[in-house]
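# A look at the structure
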Amino acid sequence: MIKKMLSLVFTVVGIAAAVAAVSLSLSYKNANPMLLVPPEEAQHQVTGLMEAVCAGDYSTASTYLQGHPNLGVDREPTDAVGVMIWEAFCDSMEYELVGECYATEDGLAQNVVFSCIDITSVTATLKDRSQTLLEQRMEEAEDLDEVYDEDLQYREDFVMDVLYDAATAALKEDSQTITAELTVNMAFQNGQWWIIADKALLDAISGGVLY
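This write-up is about the structure you can find in this document. (Residues numbered from 1 in each chain as written. Predicted model: local features only at pLDDT ≥ 70, side-chain atom pairs only at ≥ 80, totals over all residues. Heavy atoms only, no water.)

## Describing the nonpolar core
Put simply, the test is: Nine residue types can take part in a nonpolar core, namely buried Ala, Val, Leu, Ile, Met, Phe, Trp, Tyr and Cys, and a core is a set of them joined through side-chain atoms within 4.5 Å. Each residue gets one of three labels from its accessible area relative to the maximum for its type: buried under 20%, exposed over 50%, partly exposed in between, using a 1.4 Å probe on protein chains only. Secondary structure elements are defined from DSSP: runs of H or I of at least 4 residues count as helices, runs of E of at least 2 residues count as strands, and each element is numbered from the N terminus. Contact criterion: two residues are considered in contact whenever any of their non-hydrogen atoms come within 4.5 Å of each other.
Counting 46 residues, the largest nonpolar core has Leu49, Phe89, Met93, Met186, Ile195 and Leu201 as its most contacted members. Looking at this core element by element, the count peaks at seven residues for helix H4 (residues 80-92). With residues near it in sequence (within four places) discarded, Met93 still touches Val53, Cys54, Tyr58, Phe114, Ser115, Cys116 and Ile205.

Below is the structure:
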């Protein structure tokens, strides 16, 4: 009699468990994937990328991206004004990981808050500042040979000095900081996690100038 009762109890429990399993599977059919243990390697990839970017090391940054795309380091500015603005941009970059990695339909993702100088806030005023400063320097010049070359064109060194001083003023007085909330997506390939170089990420880490 006892054996029959126990058998009946186990049968009922088994049926209840099966019903619960089916119910749960139906409830979570359309739910987002869940990540029980976030892979540390994936988060390390994001940290490595952001550290390289904040150091202005885009060659290293590329090694964390799927397909190792060329981030345009061969197009970095070479003139003094461009170098100054680019260095100011790199020096201004900061990031913070928000939470942990989480599962997506295509892999993993990590939320990041990224801030930097808005380069356009500097370049937008550069033309007017340069023109005003150019006129001022021409009025103050004691020798026109400091302004014009033998063909009566502006001397290159004179123009570059004006541009440099105008850019310095623009960086000091006009630059604004922008903050972006990024979703860094990752895919698993060849035994490791790679960061997907989507447009939002590339625009943010390059100030929109490398692409």
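## Here's the deal with the sheet that holds strand E4 (residues 192-195)
As a reminder, the rule being used: When DSSP finds two or more bridges between two strands, those strands count as paired. All axes are obtained by fitting lines to C-alpha atoms, using only the stretch in contact for helices, and the reported angles, taken between N-to-C directions, cover 0 to 180 degrees.
Reading across the sheet, the four strands line up as E1-E2-E3-E4 and stay open at both edges, with antiparallel pairing between neighbours. The open sheet has two edge strands, strand E1 (94-103) and E4, and neither has a second partner. Each adjacent strand pair in this sheet contributes to an overall mean axis angle of 25°, direction not counted. Pairing of strand E2 (residues 108-117) with strand E3 (residues 177-189) involves ten bridges; the strand directions are antiparallel. Bridging from a neighbouring strand, Cys116 pairs with Ile178 of E3.

## A look at the packing of aromatic side chains
As a reminder of what qualifies: Here a Phe, Tyr or Trp ring, Trp counted by its six-membered ring, pairs with any other such ring whose centre lies within 6.5 Å, and the pair is stacked when the planes are under 30 degrees apart, edge-to-face when over 60, and tilted otherwise.
Scanning the model with the defined rule gives five aromatic pairs in all. Through successive ring pairs, a cluster of aromatic residues spans Tyr58, Trp86 and Phe89.

## Digging into the packing of H4 against helix H6 (residues 156-173)
Selection criterion: If an angle is under 35 degrees, it is roughly parallel; if it is over 145, roughly antiparallel; if it lies from 65 to 115, roughly perpendicular; otherwise it is oblique. Here is the rule for handedness: rotate from the far helix to the near one, and if that takes an anticlockwise turn smaller than a right angle the crossing is left-handed, while a clockwise turn gives right-handed. In the scheme used here, Gly and all other residues not listed as nonpolar or charged are polar, with Ala, Val, Leu, Ile, Met, Phe, Trp, Tyr, Cys and Pro taken as nonpolar and Asp, Glu, Lys and Arg as charged.
Running from N to C, H4 and H6 cross one another at 15°; their axes reach a closest spacing of 9 Å. On the basis of their axis angle, the class for H4 and H6 is roughly parallel. For the pair H4 and H6, the sense of crossing is right-handed. Contact residues: H4 offers Ala80, Val81, Met84, Ile85 and Ala88, while H6 offers Met160, Leu163, Tyr164, Ala167, Thr168 and Leu171. Looking at the contact of H4 with H6 residue by residue, the classes come out as ten nonpolar, one polar and no charged.

## Structural notes on helix H7 (residues 199-206)
In an α-helix, one turn spans 3.6 residues, which is why side chains three or four residues apart end up on the same side. Inspection of H7 places Leu201, Leu202, Ala204, Ile205 and Ser206 among the buried residues, and these make up the whole buried set. Buried positions along H7 lie against helix H2 (40-54), helix H3 (58-62), H4, E2, E3 and E4.

## What about the pattern of salt bridges?
Quick reminder of the rule: Salt-bridge detection follows one rule: a side-chain nitrogen of Lys or Arg within 4 Å of a carboxyl oxygen of Asp or Glu.
Tallying each qualifying case throughout the model produces five salt bridges. A salt bridge links Glu173 to Arg129, with the nearest nitrogen and oxygen atoms 2.8 Å apart. Of the two residues, Glu173 is situated in helix H6 and Arg129 in helix H5 (residues 119-140); the sequence distance between them amounts to 44 residues. Judged by relative accessible area, Glu173 falls into the exposed class, the value being 54%. The salt bridge partner of Asp157 is Arg155, with a shortest N-O separation of 3.1 Å. Overlapping salt bridges, with partners in common, bring together Arg129, Glu173 and Asp174 in one network.

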